[in-house]
Amino acid sequence: MGNALLQSIHIHPVKAFRGLAPREAVVEPWGLAGDRRWTLIDDGGKVVTQRQQPRLALAAAELTPGGGVRLSAPGMDPLTVPAPRPVGTVPVEIFGDKVEGVLAEDAAAHAWCSDFLGADVRLVHMDDPATRRPVDPEYARPGETVSFADGYPLLLTTRASLEALNSLIAQGPRATEGPLPMNRFRPNVVVEGTAAWAEDAWSRVAVGEVTFRVTKLCGRCVVTTTDQGTAARGKEPLATLGRHRRIDGKLAFGQNLVPLTTGTIRVGDAVTVLD
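Here the residue numbers are simple positions, counted from 1 along each chain's written sequence. Only residues with pLDDT of at least 70 get local features here, since the model is predicted, and only at 80 or more are side-chain atom pairs given and counted; chain-wide, interface and lining totals rely on the full set of residues. Excluded from the side-chain calculation are hydrogens and water; included are all heavy atoms of the structure.

Hey, could you run me through the overall build of the protein chain in this one?
Counting secondary structure elements, the protein chain contains four helices and 19 strands. It is over C-alpha atoms that the radius of gyration is taken, and the globule rule equals 2.2 Å times the number of residues to the power 0.38. In terms of overall dimensions, the protein chain is globule-like: its C-alpha atoms have a radius of gyration of 18 Å, near the 19 Å expected for 275 residues. Residue burial is assigned from relative accessible area. The probe radius is 1.4 Å, only protein chains are included, and a residue is buried under 20% of its type maximum, exposed over 50%, and partly exposed in between. Looking at the protein chain as a whole, 51% of its 275 residues are labelled buried. The contact criterion used throughout is that any non-hydrogen atoms of two residues lie within 4.5 Å. Considering only residue pairs separated by 6 or more positions, the protein chain has 70% of its internal contacts joining residues 24 or more positions apart. Of the roughly 11,700 Å² that the protein chain leaves accessible, carbon and sulfur atoms contribute 51%. Averaged over its 30 positive side-chain charges, the protein chain has a centre that lies 4 Å from the centre of its 31 negative ones. The way it works is that DSSP assigns letters per residue, a run of H or I at least four long becomes a helix, a run of E at least two long becomes a strand, and they are numbered from the N terminus. Surface exposure here means Shrake-Rupley accessible area, sampled with a 1.4 Å probe, where a residue is shielded only by the protein chains that are shown. The convention is simple: Lys and Arg are positive, Asp and Glu are negative, and His and the chain ends are not counted. For charged residues, the charge sits on one atom: NZ in Lys, CZ in Arg, CG in Asp, CD in Glu.

What is the right way to read the sheet that holds strand E10 (residues 97-103) from this model?
Strand pairing within a sheet occurs via backbone hydrogen bonds; the two strands may be parallel or antiparallel. At least two DSSP bridges between two strands are needed for those strands to be called paired. Strand order in the open sheet formed by five strands is E5-E4-E11-E10-E9, with antiparallel pairing between adjacent strands. Each having just a single partner strand, strand E5 (47-48) and strand E9 (90-94) make up the two edges of the open sheet. Strand direction decides the pairing type here: E10 and strand E11 (residues 122-125), joined by two bridges, are antiparallel. Paired with Leu103 across the two strands is Val124, which belongs to E11. With axes taken as lines fitted to C-alpha atoms, and helix axes fitted only over the stretch in contact, angles between N-to-C directions fall between 0 and 180 degrees. Across the sheet, helix H1 (residues 107-117) touches strand E4 (38-41), E10 and E11, and the angle it forms with E11 is around 130°.

I keep staring at the pattern of salt bridges and nothing clicks. Help me out?
For this analysis, a salt bridge means a side-chain nitrogen from Lys or Arg found within 4 Å of a carboxyl oxygen belonging to Asp or Glu. Tallying each qualifying case throughout the model produces ten salt bridges. Of the charged contacts in the structure, one is a salt bridge between Asp35 and Arg36, with a shortest N-O distance of 3.0 Å. Comparing Asp35 with Arg36 shows no difference in burial state: the two are buried.

Explain the packing of aromatic side chains to me, please; I cannot follow it from the model alone.
What characterises a pair of aromatic rings is the spacing of the ring centres plus the angle enclosed by the ring planes. Any two rings among Phe, Tyr and Trp, with Trp reduced to its six-membered ring, count as a pair given centres within 6.5 Å; such a pair is stacked if its planes are under 30 degrees apart, edge-to-face if over 60, and tilted if neither. All chains considered together, the criterion is met by four aromatic pairs. Their ring planes at 70° and their centres at 6.4 Å tell us that Tyr139 and Tyr152 sit as a pair that is edge-to-face. Taken together, the residues Tyr139 in the loop between helix H2 (129-132) and strand E12 (154-158) and Tyr152 in the loop between H2 and E12 connect sequence positions 13 residues apart. An aromatic cluster of three or more residues is present, and its members are Phe185, Trp197 and Phe253.

All quantities given are derived from atomic positions and should not be read as evidence of function.
Okay, structure coming up:
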């Protein structure tokens, strides 16, 4: 594969909010430390994401000590929300999965998020990812769990595949929508130095000292059509993925990972395909 390297790391403290790009991150069994441990839910307990609310792309969340978050967004005063005590839980439905979360204790947190979206939402914390939510049983091994991420602990993408996709967009009928940046795909780890679509064939990979099982290609949704800087929606990349990357009925870009070991990964780490 040549000299593949970890180009960037991305953590999204609140699901669907803008992410952080640290130089290093701790890999826990259920994902990167601090990634998607918070989410918004509606009155019925269903998770609210950019699928329903593209405006969430404009909101940012930074990690604070003890597992809290500092929220910021255009037109809003920043708000720091501490991690709630794990006393009592509420049901959270995430793509058919039923899990338990703990509501933020400060009513101001729910009001802040509701005011920003113009919709009634509540902010929920996952207190214990080790027990709360198993990975998709069709692809999981016993005991594997995940945070509020869509279904798997980490998402990997590669620069070469994005460049190939952008080349296809440029040749298509909506060329003016490209080229797209990687943040459309909201990955956790981005790898450089591979061939385009090489990740399709991976089954086990090491990033620095940490090894991962590659579980399945990531099927993409309408969130990828949302400009993460403006919240405006277009047709790409789904239109082009539909023509060129329809695999097992899904529009595929990126690979889902499950950690086999834990440790710290760093930008610049060697990425080695083991199987």
